[in-house]
Amino acid sequence: MKFLERDIVALNVEVSTPEEAIKKAGHLLSDKGYITQSYIDAMIRSFQKNGPYFVIAPNIAIPHARPEDGVKEASVSLIQLKEPVSFGSTGNDPVKLVFALGASNSDEHLNVLKMLMKVLGNVENTEKLKSAKNYEEIKSLLN
C-alpha cells in the first residue's frame with residue numbers, strides 16, 4: 001500500500017474547479033502506476049453524478065471510485081490547495097486538502113480509511129496539513 005509518500009504528495013497546488021483538483025490528486029497516483037486514467041475519469045463522473053458526498057469534513061475531500069474502475073495498488077495521494085475550492089458541500093466547503101483514494105477491494109478500502117482517519121481524526125493534524133510548507137512536516141504527522 002502506498003500512503004502519502006513523498007512522490008504522491010503535492011503542496012501549494014493551484015486549481016480552479018473541483019474536477020481539476022480531483023484530476024491533479026489522481027494523476028499523482030496514475031503517474032506512479034497505482035491507478036489508471038479510467039479511475040480518475042470515474043472519480044470525476046462520480047462527483048458530477050452524486051455531488052460532493054466525499055467532502056467528509058471541513059476542508060477535506062476524499063474522492064474515490066470503484067476498484068474495478070482501475071485500481072492497480074492500494075494508494076492515497078494528497079494535494080494541498082494553494083487557495084481553497086468550493087465543491088458544493090454546504091457544511092464543509094471550501095476544500096483545502098484533497099486525498100485521492102484507490103483501493104482494490106473492500107478490506108483495502110477500510111484499511112486505507114482507517115489510516116487516513118488516524119491522521120485526520122486530530123484537528124491539530126488537519127491544521128498542520130493545511131499549512132505544511134514541505135513534505136517533512138507531513139511525514140512527521142504520519143509516524
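Once a new chain begins, its residue numbering starts again from 1 and follows that chain's sequence as written. For a predicted model such as this one, the threshold for reporting local features is a pLDDT of at least 70, and the threshold for listing and counting side-chain atom pairs is 80 or more; totals across whole chains, interfaces and linings nevertheless cover every residue. For the side-chain quantities, the full set of heavy atoms in the structure was used; hydrogens and water were omitted.

Things to note about the nonpolar core
Counting 29 residues, the largest nonpolar core has Ile79, Leu81, Phe87 and Val98 as its most contacted members. Each helix is a run of DSSP H or I of at least 4 residues and each strand a run of E of at least 2, with the numbering of both proceeding from the N terminus. Going through the elements one at a time, strand 2 (9-13), helix 1 (18-30), helix 2 (37-50), strand 5 (75-85) and strand 6 (95-102) are the ones with two or more residues in this core. Of all the elements, helix 2 adds the most residues to this core, at six residues. Sequence-distant contacts of Ile79, that is, excluding residues within four places in its chain, are made with Ala10, Val13, Ala21, Lys24, Ala25, Leu28, Lys96, Leu97 and Val98. Throughout this description, the term nonpolar core refers to a set of buried Ala, Val, Leu, Ile, Met, Phe, Trp, Tyr and Cys residues connected via side-chain atoms within 4.5 Å. A 1.4 Å probe rolled over the protein chains alone gives each residue an accessible area, and that area as a share of the maximum for its type sets the label: buried under 20%, exposed over 50%, partly exposed in between. Counting residues in each nonpolar core, the second largest holds 21 residues, with Ala103, Val112, Ile138 and Leu141 among its members. Contacts are assigned to residue pairs that have any heavy atoms within 4.5 Å of one another.

So, the environment of Leu129
Relative to the assigned elements, Leu129 resides in helix 4 (residues 123-131). For Leu129, a relative accessible area of 0% gives the class buried. Leu129 has contacts with Leu78, Gln80, Leu97, Phe99, Val119, Leu120, Ile138 and Leu141, leaving out every residue within four places of it along the chain.

Quick word on the environment of Lys118
If you trace the backbone, Lys118 turns up in helix 3 (residues 106-120). For the pair Lys118 and Ser16, spaced 102 residues apart in sequence, the C-alpha separation works out to 29 Å.

Points about the pattern of salt bridges
Only one rule defines a salt bridge in this text: a Lys or Arg side-chain nitrogen within 4 Å of an Asp or Glu carboxyl oxygen. What the rule picks out here adds up to six salt bridges. With its nearest N and O atoms 3.5 Å apart, the salt bridge here joins Lys32 to Asp7. Separated by 25 residues along the polypeptide, Lys32 in the loop between helix 1 and helix 2 and Asp7 in the loop between strand 1 (2-3) and strand 2 bring together distant segments of the chain. Relative accessible area serves as the criterion here: at 35%, Asp7 is assigned to the partly exposed category. With its nearest N and O atoms 2.7 Å apart, the salt bridge here joins Glu68 to Arg66.

Some thoughts on the packing of helix 4 against helix 5 (residues 135-142)
Working convention: axes come from line fits to C-alpha atoms, limited for helices to the stretch in contact. Angles between N-to-C directions cover 0 to 180 degrees. Interaxial distance between helix 4 and helix 5 falls to 9 Å at its minimum, and their mutual angle equals 160°. Classified by the angle between their axes, helix 4 and helix 5 sit roughly antiparallel to one another. Read as a crossing pair, helix 4 and helix 5 show a hand that is left-handed. For the pair helix 4 and helix 5, the contacting residues are Asn125, Lys128, Leu129 and Ser131 in the first and Glu137, Ile138 and Leu141 in the second. For classification purposes, angles smaller than 35 degrees are called roughly parallel, those larger than 145 roughly antiparallel, those between 65 and 115 roughly perpendicular, and all remaining angles oblique. In this scheme the crossing of two helices becomes right-handed for a clockwise turn of the near helix relative to the far one and left-handed for an anticlockwise turn of less than a right angle.

Nothing here speaks to function; it is all geometry.
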